[in-house]
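Next come the chains, spelled out residue by residue.
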Amino acid sequence: MQYKVRDWMTDVVVFINPDATVLEALAIMRRRYIQSLIVRKINEFPYGIITSRDVSDKIVALDRNPRDVLVKDIMTTPLITVTPEMSLQKCAITMRDHHIHHLPVENEKDEIIGMIAA
């Protein structure tokens, strides 16, 4: 049996506005016990993602104050996404090739419907 992304993804997707502070993002991640947030698409502003690794590399390591930095300033965009029908093996290869640990799952309407993590 070949597993699909849909077999392992979570359907919990937590969004944040791009103009929120990184401190707000950290509070949401801590409260929800998650390590990534999807940055909302607003008008022509594309979806993005912010992860605990982004905070570590772009805030903590550079001695920046998370109160003073907006999510849109450290998020990763454009999003790399997978579909629910993609094989788990192909998903893992995508993660490896892009050096990422969290992938949004997108349906045929380009809506984010879940997350899969390494």
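Fair warning: this is a prediction, and the values are worked out from it, not measured in the lab. (Residues numbered from 1 in each chain as written. Predicted model: local features only at pLDDT ≥ 70, side-chain atom pairs only at ≥ 80, totals over all residues. Heavy atoms only, no water.)

## Comments concerning the packing of aromatic side chains
Move 1: Within the structure shown, the criterion is met by two aromatic pairs.
Move 2: On the basis of an interplanar angle of 80° and a centroid distance of 5.8 Å, the ring pair of Y3 and W8 is categorised as edge-to-face.
Move 3: Classification of Y3 as partly exposed rests on a relative accessible area of 41%.
Move 4: Geometrically, the ring pair formed by F15 and Y47 is tilted, given 6.5 Å between the ring centres and 45° between the ring planes. Taken together, the residues span a long stretch of sequence, with F15 in strand β1 (residues 15-16) and Y47 in the loop between β2 (36-39) and β3 (48-51) at a distance of 32 residues.
Move 5: The class for Y47 is partly exposed, based on a relative accessible area of 23%. (Phe/Tyr/Trp six-rings, centres within 6.5 Å; stacked < 30°, edge-to-face > 60°. Buried < 20%, exposed > 50% of the residue type's maximum accessible area, 1.4 Å probe, protein only. Helix = DSSP H or I, 4+ residues; strand = E, 2+ residues; numbered from the N terminus.)

## Describing the pattern of salt bridges
Move 1: A complete count under the given rule lists five salt bridges for this structure.
Move 2: Across the salt bridge formed by D7 and R6, the nearest N and O atoms sit 3.3 Å from each other.
Move 3: Overall, D7 belongs to the partly exposed group, its relative accessible area being 35%.
Move 4: What emerges from the salt-bridge pattern is a single network uniting R6, D7 and E85. (Salt bridge = Lys/Arg side-chain N within 4 Å of Asp/Glu carboxyl O.)

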